[in-house]
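Here's the letter readout for the chains.
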Amino acid sequence: TVASMFGVPVDSKRLVFALDGSGSMNDSMGDTTCLQAARREITILLDRLPHDAMFDLVVVEKELISSFGKLVKNTDKNRKKALALLERRNFRSTSSLYDALRDIQREWGADTILLIGDGESSSGTHRFPGRMLSGLKTEYSRSGVRIHTVCTTSNNTKLRFMRKLAAISGGTMVQPPG
């Protein structure tokens with residue numbers, strides 16, 4: 001199945017949406033916030049995926065906050081429950097990006113992660129881009145889980161990190177306008 005999110009082609013039936021849980025998701029993206037744009041794009045993608053596709057939606061905070069803790073079928077009920085998680089979070093936390101991506105690669109049984117955020121990790125095992133990339137490249141070689149990134153900032157350092165993160169797993173990085 002091929003669909004897209006923010007223009008990233010998604011050819012997967014086993015995916016995890018990972019959203020940055022920090023305050024940067026409240027920043028503006030055109031005429032909306034990063035969080036509102038992400039919610040809209042996730043809704044559109046889930047509507048285009050078949051009902052037998054499996055997914056989870058997680059928020060990356062100091063701890064990983066998951067809608068289900070595993071992959072579930074793409075039913076109306078599960079889509080509604082997953083999107084409700086976004087309404088319950090305040091998106092002001094620190095984010096432990098490396099730990100969340102590592103855990104998803106190891107434990108979810110997904111073949112694709114769609115990471116939406118600014119690429120900064122403010123807590124957890126690794127906070128420095130070089131160490132995160134090295135560790136996640138090792139995880140990719142073990143798991144084969146592709147990571148697509150949607151970078152919500154114009155900061156050149158963070159853009160480079162998100163581009164490299166996608167590249168180590170054969171994923172795509174996009175920076176939506178706004």
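Please refer to the structure higher up on the page.
### Side note on unusual backbone geometry
Right, on to step 1. For F6, which is not a glycine, the phi torsion comes out positive at approximately 55°.
Right, on to step 2. With respect to the helices and strands, F6 occurs in the loop between β1 (2-5) and β2 (8-11).
Right, on to step 3. Under the relative-accessibility criterion, F6 is labelled buried at 15%.

### Observations concerning the nonpolar core
Right, on to step 1. The biggest cluster of nonpolar side chains holds 33 residues, and the ones touching the most others in it are M5, F17, L19, I42 and I116.
Right, on to step 2. Breaking this core down by element, the ones donating at least two residues are β1, β2, β3 (14-20), α1 (34-48), β6 (54-60), α2 (76-88) and β9 (112-117).
Right, on to step 3. For this core, the element with the highest residue contribution is α1, accounting for seven residues.
Right, on to step 4. When neighbours within four sequence positions are excluded, I116 is seen to be in contact with M5, F6, A18, L19, D20, M25, A38, I42, V150 and T152.
Right, on to step 5. Counting residues in each nonpolar core, the second largest holds 27 residues, with A100, L101, W108 and C151 among its members.

### Focus: the packing of α1 against α2
Right, on to step 1. Where α1 contacts α2, the axes come no closer than 11 Å and their chain directions differ by 175°. Looking at the two axes, α1 sits roughly antiparallel to α2. Within the contact between the two elements, α1 uses L35, R39, I42, T43, L46 and D47 and α2 uses R79, L83, L86 and E87.
Right, on to step 2. Of the residues assigned to the contact of α1 with α2, the class counts are five nonpolar, one polar and four charged.

### With respect to helix α4 (residues 129-143)
Right, on to step 1. The terminal C-alpha atoms of α4, which comprises 15 residues, lie 20 Å apart, in line with the 21 Å expected from a rise of 1.5 Å per residue.
Right, on to step 2. Listing the buried residues of α4 in full gives M132, L133, G135, L136 and E139.
Right, on to step 3. Packed against the buried residues of α4 are α3 (97-107) and α5 (156-167).
Right, on to step 4. Positive backbone phi, at 75°, marks G144, one or two positions downstream of α4.

About the cut-offs
- Residues numbered from 1 in each chain as written.
- Predicted model: local features only at pLDDT ≥ 70, side-chain atom pairs only at ≥ 80, totals over all residues.
- Heavy atoms only, no water.
- Helix = DSSP H or I, 4+ residues; strand = E, 2+ residues; numbered from the N terminus.
- Buried < 20%, exposed > 50% of the residue type's maximum accessible area, 1.4 Å probe, protein only.
- Core = buried A, V, L, I, M, F, W, Y, C linked by side-chain atoms within 4.5 Å.
- Contact = heavy atoms within 4.5 Å.
- Axes fitted to C-alpha atoms, helices over the stretch in contact; angles between N-to-C directions.
- Parallel < 35°, antiparallel > 145°, perpendicular 65-115°, else oblique.
- Nonpolar A, V, L, I, M, F, W, Y, C, P; charged D, E, K, R; others polar.
- Expected span 1.5 Å × (residues − 1).

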